[in-house]
Amino acid sequence: MQQILPLHSDEDVVRLRKQVRDSMVAMGFGLIEQTKIITAASELARNTLRYGGGGAARIARVSDGARQGLELRFVDAGPGIDDIALALTDGYTSGGGLGLGLGGAKRLADAFHIDTAPGAGTTVTIAKWKLF
Amino acid sequence: MERIPILRMGRLLLVTIQVDMHDRLAMTLQDDLSTRIVTDRATGVLIDISALDIVDSFIGRMISNTAAMAKILDARTVVVGMQPAVAITLVELGLTLEGVSTALNVERGIKLLEWGGA
């Protein structure tokens, strides 16, 4: 099961948050886990929009055999990130934000992966696992 | 254009955010509030976020900026009604809401603004 949502406007970010909530509720995640992942999704969707020039998000149910989880992937074809370690530093921003987006999303999720290179766009994947 | 209503109660301004905020809406609210503090000669601003499911870094920055501007305009800001899950998430996100006073609900927020402290 997966869904792909476009991220080209503020309203798309709101729609994505709602869709992530619906998916998490359907999987039986608790309120605090929902809130954390929706917040992380909001940060990453904004990055896609602001820094990546727009893109798309994929919401997917995943399993590693023992556990089930919700995976969110944010893809843009923007300028990419030069220095990932710097971009993950709290307080560092290249665009007038608070610089909590990437690092904050990483802390709020169970899994975090970033794939980027200058000129090659950015893909950020996060996941929340559900323990049964 | 979509706007969040600002209510006046004596020298206080009350904002109850009841929609899922997108970034432009947050910026408009920040501008509207600073204007209204001056035109209404307000001494306090209450921002009720009890209906907000999430507060991300952008909304957090809007709240902090509003509080900072209000302070310069001689008004104090109290954020009320934050849901526990939102508070937990904010801490993990690393957002400190510096310079912003908080209260459990509108009633306590009004007391805080009327009786000082904060």
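### Observations regarding the nonpolar core
Okay, step 1: Counting 32 residues, the largest nonpolar core has Leu16(A), Val20(A), Leu70(A), Leu72(A), Phe74(A) and Leu102(A) as the members making the most contacts within it.
Okay, step 2: A total of 7 residues in this core trace back to one element, the largest contributor, which is helix 2 (residues 31-50) of chain A.
Okay, step 3: Setting aside anything within four residues of it in sequence, one finds Leu102(A) in contact with Leu44(A), Asn47(A), Ile81(A), Ala87(A), Leu88(A), Phe112(A), Ile114(A) and Val124(A).
Okay, step 4: The next biggest cluster of nonpolar side chains, apart from the first, holds 31 residues, and it includes Ile6(B), Leu13(B), Val79(B) and Val86(B).

### Thoughts on the sheet that holds strand 3 (residues 44-48) of chain B
All names here are of chain B.
Okay, step 1: The strand order across the open sheet formed by 5 strands is 1-2-3-4-5, and the pairing between neighbours is mixed. The open sheet has two edge strands, strand 1 (6-9) and strand 5 (101-103), and neither has a second partner. Each adjacent strand pair in this sheet contributes to an overall mean axis angle of 25 degrees, direction not counted.
Okay, step 2: When strand 4 (residues 76-80) meets strand 5, the two strands line up parallel, connected through 3 bridges. Each bridged residue has a counterpart across the sheet, and for Val78 the counterpart in strand 5 is Ser101.

### Re the interface of chain A and chain B
Okay, step 1: On the chain B side, the residues contacting the 23 residues of chain A number 20 residues.
Okay, step 2: When chain A packs against chain B, the two sides together hide about 2000 Å² of surface, and 55% of this comes from carbon and sulfur.
Okay, step 3: Taken together, the connections running from chain A to chain B amount to 9 salt bridges.
Okay, step 4: Across the salt bridge formed by Glu11(A) and Arg24(B), the nearest N and O atoms sit 2.9 Å from each other.
Okay, step 5: Inspection of the chain A/chain B interface yields 12 residue pairs in polar contact (both at pLDDT 80 or more).
Okay, step 6: Of all the secondary-structure elements, those providing two or more residues to the side of chain A that touches chain B are helix 1 (10-26), helix 2 and helix 4 (101-108) of chain A.
Okay, step 7: Per-element accounting of the side of chain A that touches chain B gives the leading share, 10 residues, to helix 2 of chain A.

The rules behind these values
Residues numbered from 1 in each chain as written. Chains lettered and ligands numbered in written order. Predicted model: local features only at pLDDT ≥ 70, side-chain atom pairs only at ≥ 80, totals over all residues. Heavy atoms only, no water. Core = buried A, V, L, I, M, F, W, Y, C linked by side-chain atoms within 4.5 Å. Buried < 20%, exposed > 50% of the residue type's maximum accessible area, 1.4 Å probe, protein only. Helix = DSSP H or I, 4+ residues; strand = E, 2+ residues; numbered from the N terminus. Contact = heavy atoms within 4.5 Å. Pairing = 2+ DSSP bridges. Axes fitted to C-alpha atoms, helices over the stretch in contact; angles between N-to-C directions. Buried area = accessible area lost by both parts, 1.4 Å probe. Salt bridge = Lys/Arg side-chain N within 4 Å of Asp/Glu carboxyl O. Polar contact = N/O pair within 3.5 Å; in protein donor to acceptor, adjacent residues only side chain to side chain.

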